[in-house]
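Observations on the three-dimensional arrangement
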Amino acid sequence: MKTSTYICYTKKEDVRKNSSSGGIFYELAKYMIEQENAVVYGAGFDTDFSVVHMRAENVEDMKKLMRSKYVQSDMADNFLRVKEDLMNGRQVLFVGTPCQVKGLHQFLNIANISAEQLTTVDFVCHGVPSPQVWKDYLHALSMKSQSGVKDVNFRDKRNGWHDYCMKISFENKKEYVKSHYTDEYMFYYLRDYMMRDSCYQCHFRTAGNRASDITIADAWTAEREPKKLDRGKSQVFVNTEKGEQLLQNVTQYIYIYRSRTEEEREEDIAQKADYQKKMEFKERFFKDYQKTGFSKEFRKKYYGGKNLMKNKIKHFLYQTGIGNKIR
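This write-up is about the structure you can find in this document. (Residues numbered from 1 in each chain as written. Predicted model: local features only at pLDDT ≥ 70, side-chain atom pairs only at ≥ 80, totals over all residues. Heavy atoms only, no water.)

In terms of burial, strand E7 (residues 165-170) is a largely internal element, six of the six residues being buried. Side chains Cys165, Lys167 and Ser169 of E7 all project onto a buried face; the interleaved residues Met166, Ile168 and Phe170 project onto the opposite face, where all are buried too. Two strands pair when backbone bridges link them, and strand E6 (residues 149-156) and E7 are joined in this way by five bridges, in the antiparallel orientation. Opposite Asp151, over in E7, you have Ser169 as the bridge partner. Inspection of the sheet shows E7 paired to strand E8 (residues 175-179) by five bridges, in the antiparallel sense. The residue of E8 that forms the bridge with Ile168 is Tyr176. Where E7 folds back onto E8 in an antiparallel hairpin, the turn is made up of four residues, including Lys173, whose phi is positive at roughly 75°. (Buried < 20%, exposed > 50% of the residue type's maximum accessible area, 1.4 Å probe, protein only. Helix = DSSP H or I, 4+ residues; strand = E, 2+ residues; numbered from the N terminus. Pairing = 2+ DSSP bridges.)

Next comes the structure, spelled out in structure tokens:
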């Protein structure tokens, strides 16, 4: 079927506030998990705040899978667990990156397992950064706060949806909160400094090459701005009849309207910049990082200059309300 495009957000303001964008994952996953004999798979935090794929059989466990996590999740044995669930006649909702969804379908195809009871959701993916940099970043902040990490939110909305913050809560009740424009980890991530090699020429992230039933994205360019607080909207691309049916099953819980944007506006790293130049820059980044880590010298070289100044100006504009008016 031709991809259908919608703008959606949940009717539950508390869910929307605590979601990355419009809370559509929550509604899709909650509906699925409340069906008889159904399970949901998605990315959550492990006890050390590494990102791992998890299996949820109830709403409380499913909530652990909410919110964006800008680190590649460890899949561990979850493909095998999905296979076992399908063989046992269970309904499965699997949520992951485009390459993870494609990998799961290929795995099930090789194993000759029917995917009839499987529904898959992916998202517009910027690429997946280094888990080691994430681990070192958390460790550096823990040392500075002299406390262990209690909670992580990559997209805290205290400054609004467009100027979302990295928020890290510590066991001693201290908090680290910084705009994504100026937080060091997000600065490296959004400038593509630390992606996996395959992300720079990804085959699965563009419209037409997806294996998922539904693709979720931020609706940054929504045609109609809801008269609500700046708490986010989801753009939903329905790729299959199965995906359309799942979305229609939750329409009573969401605000939904068809988007005039029929073509997916994905941010494609490979098209934005020369692949070879990106790879050469990444190699220099990691070569220096392996030598010194988050040293003063390293930060001066990669976390600063005109790009950081531009980001600080963007943050200032949103803080003053000018940014929202411009947008």
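The discussion continues.
A surface patch of positive charge is lined by Arg191, Lys306, Lys310 and Lys314. Within the secondary structure layout, Arg191 lies in the loop between helix H7 (184-190) and strand E9 (214-218). (Patch = residues over 30% accessible without salt bridge, like charges linked within 9 Å, V, L, I, M, F, W, Y side chains within 5 Å. Areas by Shrake-Rupley, 256 points an atom, 1.4 Å probe, with all protein chains shown as cover. Salt bridge = Lys/Arg side-chain N within 4 Å of Asp/Glu carboxyl O. Lys, Arg positive; Asp, Glu negative; His and termini not counted. Charge placed at Lys NZ, Arg CZ, Asp CG, Glu CD.)

By secondary structure assignment, the location of Asn239 is in the loop between strand E10 (234-238) and helix H8 (241-248). Among the residues examined, Asn239 registers a relative accessible area of 15% and is labelled buried. Remark: the alpha-carbon pair of Asn239 and Val121, spanning 118 residues in sequence, is separated by 9.8 Å. Polar contacts involving the side chain of Asn239 include one to the side chain of Thr3, which spans 3.4 Å. A distance of 3.1 Å separates a polar atom in the side chain of Asn239 from a polar atom in the side chain of Thr215. (Polar contact = N/O pair within 3.5 Å; in protein donor to acceptor, adjacent residues only side chain to side chain.)

It is worth spelling out the packing of aromatic side chains at this point. In total, this model carries 32 aromatic pairs according to the counting rule given. Judged by centre distance (6.2 Å) and plane angle (70°), the rings of Phe187 and Tyr188 are edge-to-face. Each member of the pair, Phe187 as well as Tyr188, is classed as buried. With a centroid separation of 5.7 Å and an interplanar angle of 45°, the aromatic rings of Tyr193 and Phe285 are classed as tilted. You can see Tyr193 sitting in the loop between H7 and E9 and its partner Phe285 sitting in helix H10 (residues 275-292), a full 92 residues away along the chain. A single burial state applies to Tyr193 and to Phe285, both of which are buried. What links up through ring pairs into an aromatic cluster is the set Phe187, Tyr188, Tyr193, Phe281, Phe285, Phe286, Tyr289, Phe294, Phe298, Tyr302 and Tyr303. Residue placement shows Arg155 over the ring face of Tyr164; its charged tip is 4.5 Å from the ring centre. Its end group placed over the ring of Tyr6, Arg258 keeps NZ or CZ at 5.1 Å from the ring centre. (Phe/Tyr/Trp six-rings, centres within 6.5 Å; stacked < 30°, edge-to-face > 60°. Lys NZ or Arg CZ within 6 Å of the ring centre and 35° of its normal.)

Relative to the helices and strands, Ser20 resides in the loop between helix H1 (13-17) and helix H2 (24-33). A polar contact of 2.6 Å, which involves the side chain of Ser20, links it to the backbone nitrogen of Ser68.

Burial of strand E5 (residues 118-123) is extensive: five of the six residues sit out of reach of the surface. The pairing of strand E4 (residues 91-95) with E5 spans four bridges and is parallel. Bridge assignment links Val92 to a residue of E5, and that residue is Leu118. In terms of handedness, the path from E4 via helix H5 (residues 98-110) over to E5 forms a crossover that is right-handed. Bridge count for E5 against E9 is three bridges, and the pairing is parallel. (Right-handed = clockwise from strand over helix to strand, strands pointing away.)

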